[in-house]
Amino acid sequence: MKKVEIKILIRVFSILLHFEAFFLLLSMGISLLYGEKEYIYFLISAAAILVVSIPGVIFTRGIKAGMGKREGFLIVSLIWIIFTFFGMMPFYLSGSIPNFVDAFFETMSGFTTTGATILTDIDNMPAGMLFWRSLTQWLGGMGIIVLSMSILPLLGVSGASLFAAEVPGPTKDKIHAKISTTAMILWGIYTAITLFESLLLWLLGMDYFDAICHSFTTMASGGFSTKGASITFWDSPLMEYVIIVFMLMSGINFTLYYHIIKGRFDKVRSNEELKFYFAFIAMFTIAVMTSLLIHHNNIMDTEEAFRYSLFNVVALITTTGYANSDYTTWTPFVWTILLMLMAFGSCAGSTSGGMKTVRTSLLLKNTYYEFRRLIHPNAVVPVRFNGQVIKPKLIDNVQAFVFLYLVIVIISLLFFTSCGLTLDNALGAAISSLSNVGPGIGSYGPMDNFSSMPDACKWYMSFMMLAGRLELFTVFMIFTPAFWKK
């Protein structure tokens, strides 16, 4: 059995922790700007990181060992836990979240862009803490690992294995031969869109602090808000439409933006996943809107029904989880649709969670073609996607992923109900955490929080958030004997 290269793990962990220390110090600057005493807790947390990480960099200087896929998967799986441990320190030490389990849960929810929260008084949290809370989602959105791809090669560490392990979706689109260049381009696009959204929200009436925090969490498809009432605090339909647009953008494969910049519009027009993505949104928005007009026409007009339907459909299929209304007061028919959307997710290569539209569309195509194969057993009927024949190996991978997803949902239901949760609460929590959505249904809907959930369930949900963010196989692979064999 080949040994795991411990030194390379230590070196990469140490380098990545420097990024977290930098952003903690940035949050400290926000606290100082607002004259808050909590700045000291960001300083302590950053100092703790540096005490751990600087020796790791020094003692592994000049190592020659290469990093294989095994090290890549270990780093990607473990760094989120390490980041969460240090990232929760400002919340816990300051007393903003005095319970250790809650502080870990909130921070893991941030880095995995889930958006599930235990906070009951968000409006009175210090600005520095709110900024750090939003920033964890922004960093997790495109992935701190992908961010590091632009830096690690300069330090003598190859990033290809990390990129393959972290990027969400069944395919890992590269827009440049060098992984580091791909990462820099993606982060440049991500940052530019974030800044543009923050500018628009500011022009529409948000102060710039709220605008930048909501832009962080929109583009990350995270959903953390600086207000307990979420987007409804501003009571602005125009603002909601702007956020809808940017949620839609966050659910699109970011490599398509690069093709748009380069003028390769044919690649965008011919992208089948994008077509399925918009088709799902249109179809389910119409279904939800019809239900609202039939059952709730006495409390909302046509425009409101359209806006509420579109907002919640987009918020949940992109796994952003923002709320402009309490969908738990709508019909069970709508709940069923919204739960399906949570599971579906958006495009591969986006910041969203869920199974991804490409997997859903491939399964639909393969099922349709299976009927043709049964009718014509001697015919060769391959599945095509974006004009390319899909190899059976990839179809097998997609089917295995969906099966694993469903098995985990069933196991989660058994666990949550054994802890005393009702079936609707358990189902909402299972899909919400595994798809990195945030809100669920029942007592954990968009206008509620997870503070009342038993601690055992919070630990379990934290693990599910991590597994969902890293596409299941990345995390569960390290528990298999085959992973540790040569």
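The coordinates are above.
Source: prediction; values computed, not measured.

Q: Pulling in residues and values, what's your account of the overall build of the chain?
A: Per the secondary structure count, the chain includes 22 helices and two strands. Against the 2.2 N^0.38 benchmark of 23 Å for 486 residues, the chain shows a C-alpha radius of gyration of 22 Å, consistent with a compact globule. Each of the three principal axes of the chain carries a C-alpha extent, and together these read 65 × 60 × 55 Å. Scored against the burial criterion, the 486 residues of the chain give a buried share of 59%. Pairs at least 24 residues apart make up 71% of the contacts formed inside the chain by residues separated by at least 6 positions. Carbon and sulfur atoms provide 67% of the accessible area of the chain, an area that totals close to 19700 Å². Averaged over its 32 positive side-chain charges, the chain has a centre that lies 20 Å from the centre of its 29 negative ones.

Q: Could you give an account of the side chain of Thr357, with specific residues and numbers?
A: When you line up the elements, Thr357 lands in helix 17 (residues 357-375). For Thr357, a relative accessible area of 0% puts it in the buried group. When near neighbours in sequence (up to four residues on either side) are disregarded, Thr357 contacts Glu273, Phe276, Tyr277, Phe280, Phe344, Gly345, Ser346 and Cys347.

Q: Before we move on, could you go through a nonpolar patch on the surface and cite the residues and values that matter?
A: On the surface, a nonpolar cluster with roughly 920 Å² of combined accessible area is contributed by Leu25, Leu32, Tyr39, Ile40, Leu43, Ile44, Phe85, Tyr92, Leu93, Phe100 and Trp459. Of all the secondary structure elements, the ones that give two or more residues to the nonpolar patch are helix 1 (6-33), helix 2 (39-59) and helix 4 (89-94). If you tally residues by element for the nonpolar patch, the top one is helix 2, at four residues. Looking at the element boundaries, Leu43 is found in helix 2.

Q: Explain the pattern of salt bridges to me, and be specific about the residues and the numbers.
A: Going through the model one piece at a time under the given rule, you end up with nine salt bridges. When the shortest N-O distance is used, the salt bridge between Arg307 and Glu240 registers 2.9 Å. On the criterion of sequence distance, the pair formed by Arg307 in helix 15 (residues 302-317) and Glu240 in helix 11 (residues 237-250) is long-range, its members being 67 residues apart. Like Glu240, Arg307 is buried. A single salt-bridge network, built from bridges that share partners, covers Asp102, Asp455 and Lys458.

Q: Talk me through the packing of aromatic side chains; I want residue IDs and the actual numbers.
A: Across all of its chains, the model carries 31 aromatic pairs by this definition. Look at Tyr34 and Phe209: their rings are 5.5 Å apart centre to centre, the planes differ by 65°, and that puts the pair in the edge-to-face class. One end of the pair, Tyr34, is in the loop between helix 1 and helix 2; the other, Phe209, is in helix 10 (residues 208-219), with 175 residues separating them in the sequence. A centroid spacing of 6.1 Å and a plane angle of 80° characterise the contact between Phe111 and Trp132, whose relative ring orientation is edge-to-face. Of this pair, Phe111 sits in helix 5 (residues 100-111) while Trp132 sits in helix 6 (residues 127-142), and the two are 21 residues apart along the sequence. For Phe111, a relative accessible area of 2% puts it in the buried group. Among the aromatic residues, those joined into a ring-pair cluster are Phe131, Trp138, Trp187, Tyr190, Phe216, Phe254 and Tyr257. Stacked on the ring of Phe233, the Lys or Arg Lys227 has its end atom at 4.7 Å from the ring centre. The cationic tip of Arg359 hangs over the ring face of Phe401; the distance from NZ or CZ to the ring centre is 3.7 Å.

Q: Give me helix 3 (residues 69-87): which residues, what numbers.
A: For helix 3, which comprises 19 residues, the first-to-last C-alpha distance of 26 Å matches the rise-based estimate of 27 Å (1.5 Å per residue) to within 8%. Of all bends in helix 3, the biggest is about 25°, found at Leu78. Of all the 19 residues making up helix 3, 14 are buried; the element is thus mostly covered by neighbouring parts of the structure.

Q: Could you give me a rundown of the packing of helix 15 against helix 16 (residues 332-344), with the residues and numbers involved?
A: Across the interface, helix 15 lies against helix 16 with an axial gap of 7 Å and an inter-helix angle of 35°. On helix 16, the residues touching Asn312, Val313, Leu316 and Ile317 of helix 15 are Leu338, Leu341 and Met342.

Q: Report on unusual backbone geometry, specifying residues and quantitative values.
A: In this model, Thr113 sits at a positive phi of 60°, which is unusual for a non-glycine residue. Looking at the element boundaries, Thr113 is found in the loop between helix 5 and helix 6. Backbone geometry at Glu471 places phi at a positive 65°, although glycine is not the residue there. By secondary structure assignment, the location of Glu471 is in the loop between helix 20 (455-469) and helix 21 (473-476). Given a relative accessible area of 7%, Glu471 falls into the buried group.

Q: Can you break down the environment of Asn425 residue by residue, with the values?
A: Within the secondary structure layout, Asn425 lies in helix 19 (residues 423-434). Sequence separation between Asn425 and Tyr444 is 19 residues, and the spatial gap between their C-alpha atoms is 6.5 Å. Excluding residues that lie within four positions of it along the chain, Asn425 makes contacts with Ile441, Gly442, Ser443 and Tyr444. A polar atom in the side chain of Asn425 sits 3.1 Å from the side chain of Thr422.

Calculation notes
- Residues numbered from 1 in each chain as written.
- Predicted model: local features only at pLDDT ≥ 70, side-chain atom pairs only at ≥ 80, totals over all residues.
- Heavy atoms only, no water.
- Helix = DSSP H or I, 4+ residues; strand = E, 2+ residues; numbered from the N terminus.
- Rg over C-alpha atoms; globule rule 2.2 N^0.38 Å.
- Buried < 20%, exposed > 50% of the residue type's maximum accessible area, 1.4 Å probe, protein only.
- Contact = heavy atoms within 4.5 Å.
- Areas by Shrake-Rupley, 256 points an atom, 1.4 Å probe, with all protein chains shown as cover.
- Lys, Arg positive; Asp, Glu negative; His and termini not counted.
- Charge placed at Lys NZ, Arg CZ, Asp CG, Glu CD.
- Patch = residues over 30% accessible without salt bridge, like charges linked within 9 Å, V, L, I, M, F, W, Y side chains within 5 Å.
- Salt bridge = Lys/Arg side-chain N within 4 Å of Asp/Glu carboxyl O.
- Phe/Tyr/Trp six-rings, centres within 6.5 Å; stacked < 30°, edge-to-face > 60°.
- Lys NZ or Arg CZ within 6 Å of the ring centre and 35° of its normal.
- Expected span 1.5 Å × (residues − 1).
- Bend = angle between axes of the 7 residues up to and from the residue.
- Axes fitted to C-alpha atoms, helices over the stretch in contact; angles between N-to-C directions.
- Polar contact = N/O pair within 3.5 Å; in protein donor to acceptor, adjacent residues only side chain to side chain.

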